[in-house]
Amino acid sequence: MTKMQFKAESKRLLEMMINSIYTHHEVFLRELISNASDAIDKIYYKALADDSLTFNKDSYYIKVVPDKETRTLKIIDTGIGMTKEELENNLGTIAKSGSLAFKTENEAKDGYDIIGQFGVGFYAAFMVADVVTVISKALGSEEAYKWESEGADGYTIEPVEKDSVGTEIILKIKENTEDEKYDEYLDEYRLKSIIKKYSDFIRYPIKMDITSSRPKEGSDNEFEDYTEEQVINSMVPIWRKNKNELTGEDYENFYAEKRYGFDKPIKHIHTSVDGTVRYNAILFIPEKAPFDYYSKEFEKGLELYSNGVLIMEKCADLLPDYFGFVKGLVDSEDLSLNISREMLQHDRQLKIIAKNISKKIKSELQSLLKNDREKYENFFESFGRQLKYGVYSDFGTHKDVLQDLLLFYSSKEKKLVTLDEYVSRMPEDQKYIYYASGDSVERIDKMPQTELVAEKGYEILYFTDEIDEFAIKMLMTYKEKEFKSVSSGDLGIEAEENQEDKAAEQTENKELFSYMKEILAGKVKDVRISKRLKSHPVCLSTDGEVTIEMEKILSMMPGNENVKADKVLEINVNHDVFKSLQDAFASDKEKVALYTNLLYNQALLIEGLPINDPVEFTNDICKIMV
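None of these values were measured; they are calculated from a predicted model.

Asks: I'd love a proper account of the sheet that holds strand β22 (residues 538–543), names of residues and values included.
Replies: Strand order in the open sheet formed by 3 strands is β21-β23-β22, and the pairing between neighbours is mixed. Each end of this open sheet is capped by a strand with a single partner; those strands are β21 (526–529) and β22. In this sheet, adjacent strand axes meet at a mean angle of 35° when their direction is disregarded. Relative to strand β23 (residues 566–571), β22 runs antiparallel, the two sharing 6 bridges. Bridge pairing in β23 places Thr542 opposite Lys567. Strand contacts of helix α16 (residues 510–519): β21 and β23, with the helix running at about 145° to β21, the strand carrying the most contacts.

Asks: Quick rundown of the pattern of salt bridges? Include the residues and the values.
Replies: Across all of its chains, the model carries 44 salt bridges by this definition. Measuring nitrogen to oxygen at the nearest pair gives 2.8 Å for the salt bridge that ties Arg203 to Asp41. Highlighted residues: Arg203 in the loop between α6 (188–199) and β8 (206–215) and Asp41 in helix α2 (residues 27–49), separated in sequence by 162 residues. Look at Arg203 and you get buried, because its relative accessible area is 11%. Here the salt bridges share partners, and the residues they tie into one network are Glu26, Glu184, Arg190, Lys197 and Glu313.

Asks: Tell me what's going on with the side chain of Asp543, and back it up with residues and numbers.
Replies: Mapped onto the elements of the fold, Asp543 is located in strand β22. Under the relative-accessibility criterion, Asp543 is labelled buried at 18%. Within the local environment of Asp543, its side chain forms a polar contact with the side chain of Arg528, the two groups lying 3.2 Å apart.

Asks: Could you give an account of a nonpolar patch on the surface, with specific residues and numbers?
Replies: A contiguous nonpolar surface patch, about 450 Å² in accessible area, is contributed by Ile621, Ile624, Met625 and Val626. By relative accessible area, which is 30% here, Ile621 ends up partly exposed.

Rules used in this analysis
- Residues numbered from 1 in each chain as written.
- Predicted model: local features only at pLDDT ≥ 70, side-chain atom pairs only at ≥ 80, totals over all residues.
- Heavy atoms only, no water.
- Pairing = 2+ DSSP bridges.
- Helix = DSSP H or I, 4+ residues; strand = E, 2+ residues; numbered from the N terminus.
- Axes fitted to C-alpha atoms, helices over the stretch in contact; angles between N-to-C directions.
- Contact = heavy atoms within 4.5 Å.
- Salt bridge = Lys/Arg side-chain N within 4 Å of Asp/Glu carboxyl O.
- Buried < 20%, exposed > 50% of the residue type's maximum accessible area, 1.4 Å probe, protein only.
- Polar contact = N/O pair within 3.5 Å; in protein donor to acceptor, adjacent residues only side chain to side chain.
- Patch = residues over 30% accessible without salt bridge, like charges linked within 9 Å, V, L, I, M, F, W, Y side chains within 5 Å.
- Areas by Shrake-Rupley, 256 points an atom, 1.4 Å probe, with all protein chains shown as cover.

That is the geometry; function is a separate question.
Pasting the structure below:
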């Protein structure tokens, strides 16, 4: 027996790795299975160059064997094995990997590639084991050797008997502690779930003896347990299959198996890229938003695989926030991973993949909008708000990406329309894209502020989401057409002579409006003749960037309570109410105050704003009734 010490730097690295490098202890099994897969790949590579070797894929496998009685877990492979020298070099020096050297010397052929490029992966075993034993017999060697270590104190190597080529790793599983239940790594169902989670697409069969139950022969009520060897992993991932071999049902089944959602996806995207960075991806656009989608608890991201091995369950960097609803996965063999595989060492490759994926998602959504409007509208009902947030966020950086995916309800079409559809129908004399904001389509339909725009025959977009106006303010224009609220001070509609008439009437009633403005001091910025009202007596409009709907939303956010719209009380001088105001101003100033407050509160109610003093309001109504 040869007793060896780890090098000083290896000793420190081992202690650090066991305590901090890996986030979850369960990944030790992923690392050991990946190494076992590499060992089989190496025989495949040698067979390509050596005519005396034949590679029959059906003869190679990985087997996981738990034993609760001896508290051991074995990972057995039929791969290339290791000589004594290789055991010393690959396992005696942490972070040195035989796989990486082998990969450098042998280019990947026929789609095969080495997975385990990081020597520390083997040492993840010490997170769950007190003692790690490796028994290995190399291809072409008559001798086998046993490597054994209890961790940082070093290791031993001695010759042993082993009949077949390959490697057997035996872990003496730690005893349970208050913080960690190591027993789970001896439970066949837990091991099975870990294999399915991380190593489902390893290209060789991963076998386990699984205990099941069946009725005893000749009995309907009694059952017996039996053990049967089963292949746990799927081996061939769906994303590496030819698209022509797959049906819509195959993708839906995969969506359900991966538990991406309880709904059925509206659309799937299966893409394979062989460029600067090679990757395969399957993406799904869900039909329904998860219950927590618009909450802080929701975590976006795609599953990230490296050569079929799960690296991250939710890689947020692969998706922009505005496409955060997309489910699916990316598998690439070109990623630079850190020593634990759990984090990317460099993000250049990831940024390239993310950029391509974002373009692909947009392209597919545009295709859905064009070719299957009903499905797109169903999608937009669930996730349209997210696209609007995307326009608003990051100071409008992404508005060009998203503007053609937006839908808004149209006053003319009585359905959802795109901005492009709206602009394409605009009359030549229409300067602006008009919109109205409110809690619902029904409520906006009754808004007095829409009267003049509607009378001109112009289409109005209805904004019913709280984010709509904020997004449009960030968008500013679409195809060189500015957006204009029907409640804004200047609608850009009235003819010059009408504006002159209104100015004359404003001057003629200057004293009345000044008196009303005094009554409403602190509540409105101005009182003026309305250019937009036809049948209604009064409404509120705004001067400045903050609209009344924006004020409502901002007032619900902490710290924004004092953000107010500059409100203007507009009076319809062609309404009978205005004649009553003029008569009262000439004979009874107290009645002017009563009328003014009533009209102001009426305008607040129309806007869905709270009345400052409901009791005073009801008393004022009673006064005009007696």
